[in-house]
Each structure stands twice: as C-alpha cells, then as structure tokens.
Amino acid sequence: MTTWRPSLPSRTATTGTDLRVFLLAGIATVLFTRWLLASTGYPKLGGHGTGLHIAHMLWGGLLMAAGLLVLLVFLGRRVRLCGALAGGVGFGLFIDEIGKVVSDGGGYLYRPAAGLIYLAFAALVVLSRWVVRRPGPPQARTARAADLALTGVVSGLTDAQRRSALRALEGSSRPVDLALVRLLECVEPTPARPRVRVPDAVRHAMARGRTAVAALCAHRVTLSAALTWTVLQGAVLLVGVGRDLVAGRLRHEPEWGAVIGLVVCSAVMLGLAVAGAVRLRRDRVRGLELLRASLLVDLLAGQFFDFVVNQFSALTNWLVGLFLLVVVSGALRRARQADAGVQRGSRPRKASSVSALS
C-alpha cells in the first residue's frame, strides 16, 4: 500500500499563458486608467469639489473577486482565461491607487506611486518566470496531463493539446498514467470553428512583416545600436546628475533616495555594458551575457527609481530597454546555439576499423 506524502503543488497545464494574460491586462489597465484620468481632469461623481468619489480601487477589488469566484466555481480553458483577464484588470485598478494607501499626503498623485506600481509588476514578472521554470514534483507531468484531460472533458482538446498530454505520459507504466492515456484517447476533439478567410495579400504582408522584424532584431547593426544605447544611457545619466549636483539644481529634489538609487543602478549598468563590449570580440557569448545583465539591472532595478523620479514619462525608456533586451536575448540564444554546434562538430570521432588497420 502506497502512503501519500505531501509535496510541492503542481502547475496547471496553462500556467504560462494565464500568467501572461494576467500581467498584460494589469499593465494595460494601469496605463489606460492614468491616461483617461489625466485627459479628463480627474472627474468625480456629482460635480467638481463636492462630488462623491468612488475610488477605482473598489472596482478593482470587485473584479479580482469575480475572477477568483469564476476560477473556484467553473471548469474549462476559457473560464481560466476569463478569470486571468478579470483578475489582471482588477489588479491594475487596485494597484493604480497605491498612492492613497502608501502616501505622505499626496494621495493619488503621490510621486513614488509610479515606481511602486512598476516594482509590483516587475516582482510579478520575476515570480511568474520562476514559477514556470522551476522543476515540479515527480508527478508534475501526470498532473498536467490530467489537467489537460479535464479541460478536454469540458471543452474538447485540440490535436496539439492531445499530443502534448500523451507525450508527457509516454513511456510510463503506472496505472494512473495508463488510465489517463485511455481517457485522453476518448476525449472528443474541440469543435471545428468556421475559418475566416484571410486574403493572400494580407497573409503575405504579415509574413513579410514578421520576417523583416526578425531580420532587424538579428542584424548586427541593431545589436551595435543596443550596445551603444546601453553605454550612452548610463554615461549620460551619470554626467547629467553630476552636472546638476555641481550646479545646485538638486538642492530641492524631494526624492533624493531615488536619485541615489538611479545613480547606483546606472553605474552598475554602465560597468556591465562596458565589460560586455570589451569581451564581445573575444568571447561573444560572455559579452552578450554581460550586456543582457546590464539591461536586466536597468529593467528590474533602475527603472523603478526612474519611475519614482520622472513618473510615467519614464515609460519611453522602459519600452526602449525592453526592446533592447529582446534583441540581446535573441542574439545570445543564437550565439549559444552556434557554440553548441561548433562543439558537436569538433568532437573527436572513433577511428573506424579500416582506418585503424591502415
């Protein structure tokens, strides 16, 4: 008789997709809410000055509760996506009002609020990446296959989902896995949807666009631009802060702690970028790793202080840094693949019996 022992919880089969939907919905909600309120003059119900104000944090809490209730009550892939979407929008509305909870009297327009919002989403991104990549318990593959089978019972399975679940159970002789294989083979396929006819010209244009974007990201000029931008960003900020400090312009700066943090992050970012540029010619993989580390320092730490100091005007720098991270990560992946190919090709082969005799 097998004794049950507690273990780490298993992930669902759609963890990565659901977390991405949650995060993207939350980020889009914060940006749209800030833009809408700023463009409409921060309106209140019932008129200006004496009107009733219902904080949108309340609506955020209600949406998060709705998403949670949907996930607790119903089954199915679409239900999980709807729960992630509702929860993401609700979290965006909730975290957007963090200035009213952590404040020195500035309320919604509390200056560090933008940095705190950015920090919350950055922490969620890191946490979600760790959750998706961490190794699960020994029975994790069985649990994910069972999750896909349960989803299929409710809404059917696509061919790709069925193959993925069967591949996870391949080679196992455990009774539960064999039962899951039989269940997956019996689950009905997803009902075929009427296909929307896309004109050939549009399809070809989309394919050419994707190819052009991929070629742009892979081009050495783009990588050189990424390296130049990273070095210049850190150098220009350090020079600018030093010049303002000497001129006395920072004497009345209310966020001195954020300025110091931004300077420290910029110095670390500049040091890593310069080290990467030096190593790039001798060891391409190591140089790209250092450049990627420089961008990660900026995105995970430096941008927090940038948002505190410059508010949501720092969004442009964040978008540029995110694009450069995609470019450098792609170049690093290709460099590692090239190195792996060279190593496989340079492995010594065993001499054949004919060559040994000769």
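Structure: see above.
Described below are features of the structure shown in this document. Everything numeric here is computed off the predicted structure, so don't read it as measured data. (Residues numbered from 1 in each chain as written. Predicted model: local features only at pLDDT ≥ 70, side-chain atom pairs only at ≥ 80, totals over all residues. Heavy atoms only, no water.)

Structural notes on the overall build of the chain
Argument step 1. Along its length, the chain carries 14 helices and zero strands.
Argument step 2. For the chain, the succession of helices and strands along the chain, N to C, is α-α-α-α-α-α-α-α-α-α-α-α-α-α.
Argument step 3. The proportion of buried residues among the 358 residues of the chain is 33%.
Argument step 4. In the chain, once contacts between residues fewer than 6 apart in sequence are set aside, the share between residues at least 24 apart is 75%.
Argument step 5. Accessible surface computed for the chain: about 22700 Å², of which carbon and sulfur atoms make up 66%. (Helix = DSSP H or I, 4+ residues; strand = E, 2+ residues; numbered from the N terminus. Buried < 20%, exposed > 50% of the residue type's maximum accessible area, 1.4 Å probe, protein only. Contact = heavy atoms within 4.5 Å. Areas by Shrake-Rupley, 256 points an atom, 1.4 Å probe, with all protein chains shown as cover.)

Remarks on the environment of V30
Argument step 1. The residue V30 is located in helix α1 (residues 15–40) in this model.
Argument step 2. For V30 and D96, which are 66 residues apart along the polypeptide, the C-alpha to C-alpha distance reads 5.8 Å.
Argument step 3. The residues contacting V30, other than those within four sequence positions of it, are G92, I95, D96, I117, F121 and F312.

Notes on the side chain of T29
Argument step 1. In this structure, T29 sits in helix α1.
Argument step 2. Since its relative accessible area comes to 10%, T29 is described here as buried.
Argument step 3. Dropping the residues within four chain positions of it, T29 is found in contact with V89, G92 and L93.

Focus: the packing of helix α10 (residues 220–247) against helix α12 (residues 284–310)
Argument step 1. Viewed as axis vectors pointing N to C, α10 and α12 meet at an angle of 50°, and their least axial separation amounts to 11 Å. Accordingly, the angle class assigned to the pair α10 and α12 is oblique. Where α10 crosses over α12, the two elements pack in a sense that is left-handed. Within the contact between the two elements, α10 uses L223, L227, T230 and Q233 and α12 uses R284, L288, L291, S294, L295, D298 and Q303.
Argument step 2. Classifying every residue of the contact of α10 with α12 gives five nonpolar, four polar and two charged. (Axes fitted to C-alpha atoms, helices over the stretch in contact; angles between N-to-C directions. Parallel < 35°, antiparallel > 145°, perpendicular 65-115°, else oblique. Left-handed = near helix turned anticlockwise from the far one by under 90°. Nonpolar A, V, L, I, M, F, W, Y, C, P; charged D, E, K, R; others polar.)

Considering the nonpolar core
Argument step 1. If you look at the biggest cluster of nonpolar residues, it comprises 30 residues, and the most contacted ones within it are Y118, L223, L288, L291, F305, F307 and V328.
Argument step 2. Broken down by element, the residue count for this core peaks at ten residues, all from α12.
Argument step 3. In this structure, F305 is in contact with A258, G261, L262 and C265, ignoring residues within four places of it in sequence. (Core = buried A, V, L, I, M, F, W, Y, C linked by side-chain atoms within 4.5 Å.)

As for the packing of aromatic side chains
Argument step 1. Under the definition given, this model contains seven aromatic pairs.
Argument step 2. Ring centres 5.0 Å apart and planes at 15° place the aromatic pair Y118 and F307 in the stacked group. One end of the pair, Y118, is in helix α5 (residues 113–133); the other, F307, is in helix α12, with 189 residues separating them in the sequence. The pair Y118 / F307 is uniform in exposure class, with both members buried.
Argument step 3. Through pairs of rings, three or more aromatic residues link up here, namely F22, F91, F94 and F121. (Phe/Tyr/Trp six-rings, centres within 6.5 Å; stacked < 30°, edge-to-face > 60°.)

Re unusual backbone geometry
Argument step 1. Phi is positive for Q311, which is not a glycine, with a value near 60°.
Argument step 2. Relative to the helices and strands, Q311 is located in the loop between α12 and α13 (315–345).
Argument step 3. Judged by its relative accessible area of 24%, Q311 falls in the partly exposed class.

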